[in-house]
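If you want the building blocks of each chain, they are given just below.
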Amino acid sequence: MDILVNKPILIGLHLGFAILGIDLFLWLAGEIIANPVKRFRMVWVAGAGLLSFVLAWIIGGLYYVNYYGSLVKPIIKAGSAPWAHSVVMESKEHIFLLIIPMAATAFFLSFLKKKEIEEYGLKLPFLVLVLLIALIALSIGAMGYIISAAARWG
Amino acid sequence: MIRKIYASSISAIVTVIFAVTITILAEFSEPLKGVLKSISGHHWTTKSILTVIVYLGVMAVIYSINKTPSKGRVKRSLYCLILASILGSLSILGFFLWHAFK
């Protein structure tokens with residue numbers, strides 16, 4: 001369980017799973033546009049994307065709760081961009097909470113057959129939801145960069 | 001599956017509203033932040049746990065009371081989730097901007 005106290009590995013896994021989640025949801029958007037008859041790949045991609053975001057959430061949370069407040073936050077608050085914590089980090093940690101229920105809903109949508117998607121007229125809202133998840137996650141990634149930059153170069 | 005999708009989208013809307021509300025309320029109320037912290041050791045961990053509970057709980061309720069949601073309702077619920085997520089994200093960002101620079 002040494003991995004749980006290794007800060008660079010925790011950050012790396014948090015970032016890695018977040019990027020994987022974004023990539024998988026962009027792939028899912030492509031699947032929705034293609035709208036194939038066989039849905040196995042769509043379900044797999046949506047499930048893996050949801051799992052990636054859940055892992056990014058748990059691992060990032062572990063780092064945030066155990067190390068960020070005591071090691072990183074004081075450096076940012078004492079630097080030239082304290083807003084990187086008070087605006088960016090505060091927004092990042094709370095906006096992340098919205099992604100999981102959105103991604104879970106997209107996962108359930110991936111189980112619909114092509115005929116059902118067309119019958120219920122859900123192709124467009126499904127696509128918009130999935131692209132929005134990727135966009136919000138990308139924005140959270142950009143926030144992570146700002147926080148990291150503020151801590152490193154103050 | 002349509003029933004699950006409808007229940008999940010309504011539940012996700014409620015969860016988004018809940019997460020935004022408790023985030024903003026906790027910034028104004030130290031006692032509430034203290035209660036959140038006392039539950040799990042960190043206010044953010046408690047908010048995370050509560051969002052999961054709210055999502056699963058509301059989903060179970062909506063799933064049990066809506067046997068056959070209409071086509072229109074399912075579609076509308078998804079558009080409402082999209083709108084709630086955009087407004088929720090902007091509300092959180094806007095709130096912390098205001099809170100930091102007021």
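Rules of the game
- Residues numbered from 1 in each chain as written.
- Chains lettered and ligands numbered in written order.
- Predicted model: local features only at pLDDT ≥ 70, side-chain atom pairs only at ≥ 80, totals over all residues.
- Heavy atoms only, no water.
- Helix = DSSP H or I, 4+ residues; strand = E, 2+ residues; numbered from the N terminus.
- Buried < 20%, exposed > 50% of the residue type's maximum accessible area, 1.4 Å probe, protein only.
- Phe/Tyr/Trp six-rings, centres within 6.5 Å; stacked < 30°, edge-to-face > 60°.
- Lys NZ or Arg CZ within 6 Å of the ring centre and 35° of its normal.
- pLDDT = per-residue confidence, 0-100.
- Axes fitted to C-alpha atoms, helices over the stretch in contact; angles between N-to-C directions.
- Parallel < 35°, antiparallel > 145°, perpendicular 65-115°, else oblique.
- Left-handed = near helix turned anticlockwise from the far one by under 90°.
- Contact = heavy atoms within 4.5 Å.
- Nonpolar A, V, L, I, M, F, W, Y, C, P; charged D, E, K, R; others polar.
- Core = buried A, V, L, I, M, F, W, Y, C linked by side-chain atoms within 4.5 Å.
- 1 Å grid on protein atoms, 1.4 Å probe; cavity = no way out; pocket = protein on both sides within 12 Å on 5 of 7 lines; lining within 4 Å.
- Points joined across faces, edges and corners; volume = space filled by probe spheres on them.

**Digging into the overall build of chain A**
Then step 1. For chain A, the count of helices and strands is five helices and zero strands.
Then step 2. Along chain A, from the amino end to the carboxyl end, the secondary structure elements read α-α-α-α-α.
Then step 3. With respect to the three principal axes, the spread of C-alpha positions in chain A is 55 × 35 × 20 Å.
Then step 4. A total of 154 residues make up chain A; the buried ones form 52% of that total.

**Points about the packing of aromatic side chains**
Ring pairs (aromatic) are described by centroid distance and by the angle formed between their planes.
Then step 1. Counting across every chain of the model gives eleven aromatic pairs over all chains.
Then step 2. Here Y63 of chain A and Y67 of chain A contribute two aromatic rings whose centre-to-centre distance is 6.1 Å and whose plane-to-plane angle is 45 degrees, an arrangement assigned as tilted. Of this pair, Y63 of chain A and Y67 of chain A both sit in helix α2 (residues 40-78), four residues apart, which is roughly one turn of the helix. Comparing Y63 of chain A with Y67 of chain A shows no difference in burial state: the two are buried.
Then step 3. Ring geometry for F107 of chain A versus F108 of chain A: centroids 6.0 Å apart, planes at 45 degrees, classification tilted.
Then step 4. Every member of this aromatic cluster is reached through a ring pair, and the members are F28, F95, F96 and W98 of chain B.
Then step 5. Note that R3 of chain B overlies the ring of Y63 of chain B, its terminal NZ or CZ placed 3.9 Å from the centroid.

**Some thoughts on the confidence of the model for chain B**
Then step 1. When the pLDDT values of chain B are averaged, the result is 93; 100% of them are 70 or greater.
Then step 2. Scored as a complex, the prediction yields pTM 0.91 and ipTM 0.90.

**Quick notes on the packing of helix α5 (residues 123-153) of chain A against helix α4 (residues 71-101) of chain B**
Then step 1. For the pair α5 of chain A and α4 of chain B, the least separation of the axes is 9 Å and the interaxial angle reads 15 degrees. By the angle class used here, α5 of chain A and α4 of chain B are roughly parallel. Between α5 of chain A and α4 of chain B lies a crossing whose hand is left-handed. From α5 of chain A, L124, P125, V128, L129, L132, I136 and M143 of chain A reach across to α4 of chain B, where they touch K75, L78, Y79, L81, I82, S85, I86, S89 and L93 of chain B.
Then step 2. Per-class residue counts for the contact of α5 of chain A with α4 of chain B are 13 nonpolar, two polar and one charged.

**Focus: the nonpolar core**
Then step 1. In terms of nonpolar packing, the biggest core is built from 75 residues, with L28, F53, L122, F126, L129 and I133 of chain A touching the most fellow members.
Then step 2. Counting residues per element, the ones that place at least two in this core are α1 (7-34), α2, α3 (83-109), α4 (114-120) and α5 of chain A together with α1 (2-28), α3 (43-65) and α4 of chain B.

**A closer look at the layout of surface pockets**
All names here are of chain A.
Then step 1. In this structure, the largest pocket occupies an estimated 750 Å³ of space.
Then step 2. Lining the largest pocket are 32 residues, with I11, H14, K92, G144 and S148 positioned closest to its centre.
Then step 3. Put simply, the parts of the chain that give the lining of the largest pocket at least two residues each are α1, α2, α3 and α5.
Then step 4. No other element matches α5, which puts eleven residues into the lining of the largest pocket.
Then step 5. Each residue belonging to the lining of the largest pocket can be placed in one class, and the counts come to 23 nonpolar, six polar and three charged.

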